Amino acid sequence: MDQRLHHQDLSQCGHAFLDWDPPNNAFNQDFYKKVLDPELCQTQLNYIRRNNTFLLAQFLDAGIRIPKGFFWGNIVDMGNYHQCLAISDDIVQPPVEGKYCLIGIPLFEITPENKLIETFNKKYGNAFSMAKEIENLNKFHHNNFLLLSSDHRNNVINIQMAMCVPKPCTTRETLNALLFNLTANFKYEDVFCRLPNDKAWVTGDIVAVSILSVIGFLSILSTAYDIWYTKLQKKDPKYINKIITSFSIYKNTRDVLTFKTTSNSLLCLDGIRAISMLWVIVGHSYSSQVSYSINVPDFFKWMSSLEAIWIMAAPICVDTFFLLSGLLIVYVTAAKYNYMQLLKNLHLFYLNRLLRMFPLLALTVLLEATLFNHVADGPFWNKYAENIHKCKTYWWSTLLYIQNYVNPENLCLTATWYLAIDVQLHILSPLLLFWVLGRQRKVAWAALTCVWLASLTAATIYNFIKEFPSSPLMPSRFLENVYYMTYYYMNTLTRANVFIIGMMLGYLLYIWKGHQLKISKVLNMFLWIISLSICALIIYCIHPTLQIDYKNQILDSIINSFMRPLWALALSWIIFACVKGYGGPINWLFCLSLWKLPARISFSLYLLHMPFIEIINATTIFPLYFDDRAIIFKYMGILFLTMMVGFIATVLIEQPFNNLIKLVLEPAARKSAKSQEVLKPANTGDGLIFESGPNKEK
């Protein structure tokens, strides 16, 4: 364990994280400086103190007080943000207005003798011994359920308290005048201050509004043309100009809501994809709540309980998407190309995959960096400003799908690490597809098996050497979270074996396409029991690792090495059995029509759910009491909002550009297609993104 992280690895891992600058570009910093006026400040403070007791009460009521739930571990009091900014007394000129500030008061100093720091330094060398580095651990709670921060001079635990001060004043001037005379022994730091209308409109905001306006204008024109041609003129839709109608809201809505199947459709994938996406959203709804809870110890106690196991095991469903991605890339490509045709059309293979995702991904990145900053506000908005800063700084690594290796601690759109790995595996997949699409099935199976075993072996050796924790979410292991996420969770090597299992399943489904499979009831029941038992075991194995006293590195390495491939193998049988008619009630569940819409808009749900969760959390006006049922109610609201906006984004953004991409790429691909089947470019092997057209093979 002491040698887990070498100096070179640490420097690579921490480059962006440890040098992170405050996310100030989301707010107008010049605005804060211009309003400061010491002379006017003293005039207003004297007026408040001597002539307007009610106004003084408003400032005090909206500001500093001991954090509620302090003995529960809460050391943050956010005051009353909106009340403070609403203060405006125009009896005197200029009027007295409120400014909201947050200060950090040191509770005690962190020294090398502290058990937490001592333990971490033993593992990683003195990686986090400096004040700047301690500051960046501000986001993580440790085993005393307190928040780490720094005053840039001493490593300290800070109590954070809100202050409401007159607009031209600093916090120190206000404290001296309204509360008490500060002595030299009283130390605190200004964390941030906020004013009404302090979110500056920048060039990016104008660009975002312009792009949305153009899309809206095209949608109106395209819809008008479509309705005029097909409804008013009652002409045959086959002769309509497909380019002009690409942005038609009427056409795209009809396509998204039309569900047709073919004999080759893999119907059960709708349910698996939709359920997995809902599982991801509920998991993120819970995990994001820890920073906003007043009773953090109860949150961690709940995490280690059996009732939380379904939430804590939610990350495993990400591997479901890698499995589906590998499945579809073989199942669809094998129906269109042989190995020589694949090589000749490799540019189309890549372009179709990348161009299909780019419009909605790029627009979401742009909105996160610009307009989302203006949709709401609250005392926690400074946390959301970090996301804005990340997208303004690292948008390029997101659009190049390399953000899991370039500044992985500062992801723009945190969930897009999945896209990076999926695209990287997609780019590498032709190296294996070349053999899979050949004439010899023995060669194809040999290639798939050898590559999978090599990937599994390499990942296992890597996991045992690096000694990752299996559950870094517990308080005692929070400081390992950056290391775990960077080198294990977002690593292409540790995810590749699941993708390859998906390719093996896709090839198996392809060669059995159109053929009946006969399995005895006993064998079928045995395989189902084995598969479901493996799934249950994998979900449950998270529970022991979430206990406070858990410490077993060998078990951690075993779980990290084999949990995900075992999940993929068990799920592979479930999919295969459902497709071949041996799924029973589980196949019925997965094939229900209610899953088709969330499955079809899954890419929009995936991109939008985290920004919405973070925006909703950032508007919280004070720390909330964590309760399992309350989070479920909150999740339902998040899900409804994400579904509604995701549907609109699919109709207005994803589907129109998919129509254009299809019109551009389809003629070229048809010339070299192996069969006379219509090209289905939306099915080029993504387990998450689902086609929006009605007549497309699943």
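Rules used throughout
Residues numbered from 1 in each chain as written. Predicted model: local features only at pLDDT ≥ 70, side-chain atom pairs only at ≥ 80, totals over all residues. Heavy atoms only, no water. Helix = DSSP H or I, 4+ residues; strand = E, 2+ residues; numbered from the N terminus. Buried < 20%, exposed > 50% of the residue type's maximum accessible area, 1.4 Å probe, protein only. Contact = heavy atoms within 4.5 Å. Areas by Shrake-Rupley, 256 points an atom, 1.4 Å probe, with all protein chains shown as cover. Patch = residues over 30% accessible without salt bridge, like charges linked within 9 Å, V, L, I, M, F, W, Y side chains within 5 Å. Salt bridge = Lys/Arg side-chain N within 4 Å of Asp/Glu carboxyl O. Axes fitted to C-alpha atoms, helices over the stretch in contact; angles between N-to-C directions. Left-handed = near helix turned anticlockwise from the far one by under 90°. Nonpolar A, V, L, I, M, F, W, Y, C, P; charged D, E, K, R; others polar. Core = buried A, V, L, I, M, F, W, Y, C linked by side-chain atoms within 4.5 Å. pLDDT = per-residue confidence, 0-100. Disulfide = S-S within 2.5 Å.

Draft legend 1. Summary view of the overall build of the protein. From N to C terminus, the protein includes 29 helices and six strands. Taking all 698 residues of the protein together, the buried fraction comes to 57%. A separation threshold of at least 6 residues defines the contact pool for the protein, and within that pool the share at least 24 residues apart is 80%. Surface exposure of the protein reaches about 30,400 Å², of which carbon and sulfur atoms provide 65%.

Draft legend 2. The side chain of Ser-531, seen in detail. Tracing the chain through its elements places Ser-531 in helix 23 (residues 521-540). Under the relative-accessibility criterion, Ser-531 is labelled buried at 5%.

Draft legend 3. Region of the structure containing a nonpolar patch on the surface. Among the surface-exposed residues, Phe-464, Ile-554, Leu-555, Ile-558, Phe-562, Leu-566 and Leu-569 lie close enough to one another that they form a single nonpolar patch of about 580 Å² accessible area. Its location among the elements puts Leu-555 in helix 25 (residues 553-579).

Draft legend 4. Broad picture of the packing of helix 16 (residues 346-369) against helix 17 (residues 381-399). Two elements in contact, helix 16 and helix 17, have axes separated by 8 Å at closest approach and are oriented at 145 degrees. Crossing handedness for the pair helix 16 and helix 17: left-handed. Of helix 17, the residues touching helix 16 (which contributes Phe-358, Leu-361, Ala-362, Val-365, Glu-368 and Ala-369) are Tyr-384, Asn-387, Ile-388, Cys-391, Lys-392, Trp-395, Thr-398 and Leu-399. Along the lines of polarity and charge, the residues of the contact of helix 16 with helix 17 split into 10 nonpolar, two polar and two charged.

Draft legend 5. Geometry of the nonpolar core. One finds Leu-269, Trp-279, Leu-327, Trp-417, Leu-419 and Ile-575 to be the most contacted residues of the largest nonpolar core, which totals 144 residues. Examining the composition of this core, we find that 12 residues originate from one element, helix 25, more than from any other. Apart from residues lying up to four places away in sequence, Leu-419 is in contact with Met-357, Leu-361, Tyr-401, Phe-603, Tyr-606 and Leu-607.

Draft legend 6. Structural detail: the confidence of the model for the protein. When pLDDT is averaged across the protein, the result is 83; 83% of the residues are at 70 or more. Low pLDDT (under 50) marks residues 111-117, which in the prediction has 11 contacts with non-local residues, meaning those over four places away or in another chain.

Draft legend 7. Region of the structure containing the environment of Gly-506. Positionally, Gly-506 belongs in helix 22 (residues 492-511). In the structure, Gly-506 is positioned 70 residues away from Phe-576 in sequence and 9.3 Å away in space, judged by C-alpha atoms. When residues no more than four places from it in sequence are discounted, the contact partners of Gly-506 are Leu-327, Val-330 and Tyr-331.

Draft legend 8. Expanded view of unusual backbone geometry. Residue Pro-94 is reached from Gln-93 by a cis peptide bond, and omega for that bond is -5 degrees. Inspection of the secondary structure puts Pro-94 in the loop between strand 2 (88-89) and strand 3 (96-109). Unusually for a residue other than glycine, Asn-197 sits at a positive phi of about 60 degrees. Structurally, Asn-197 is set in the loop between strand 6 (189-194) and helix 9 (203-232).

Draft legend 9. A look at the state of the cysteines. Counted according to the given criterion, the structure contains four disulfides. The side chain of Cys-41 participates in a disulfide bridge whose partner is Cys-169; the two sulfur atoms lie 2.0 Å from each other. Across the S-S bond linking Cys-41 and Cys-169, the dihedral sits near 115 degrees, which makes this disulfide right-handed. Placement of the pair is Cys-41 in helix 3 (residues 38-51) and Cys-169 in the loop between strand 5 (155-166) and helix 8 (171-179), with a sequence separation of 128 residues. A relative accessible area of 0% means that Cys-41 is categorised as buried. The side chain of Cys-101 participates in a disulfide bridge whose partner is Cys-193; the two sulfur atoms lie 2.0 Å from each other. Linking Cys-101 and Cys-193, the disulfide has an S-S dihedral of approximately 105 degrees and is accordingly described as right-handed. Taken together, the residues Cys-101 in strand 3 and Cys-193 in strand 6 connect sequence positions 92 residues apart. The class of Cys-101 is buried, set by a relative accessible area of 0%. Judged by relative accessible area, which is 21%, Cys-193 ranks as partly exposed. In the protein, the cysteines engaged in disulfides, taken in order along the sequence, are linked 1-5, 2-4, 3-6, 7-8.

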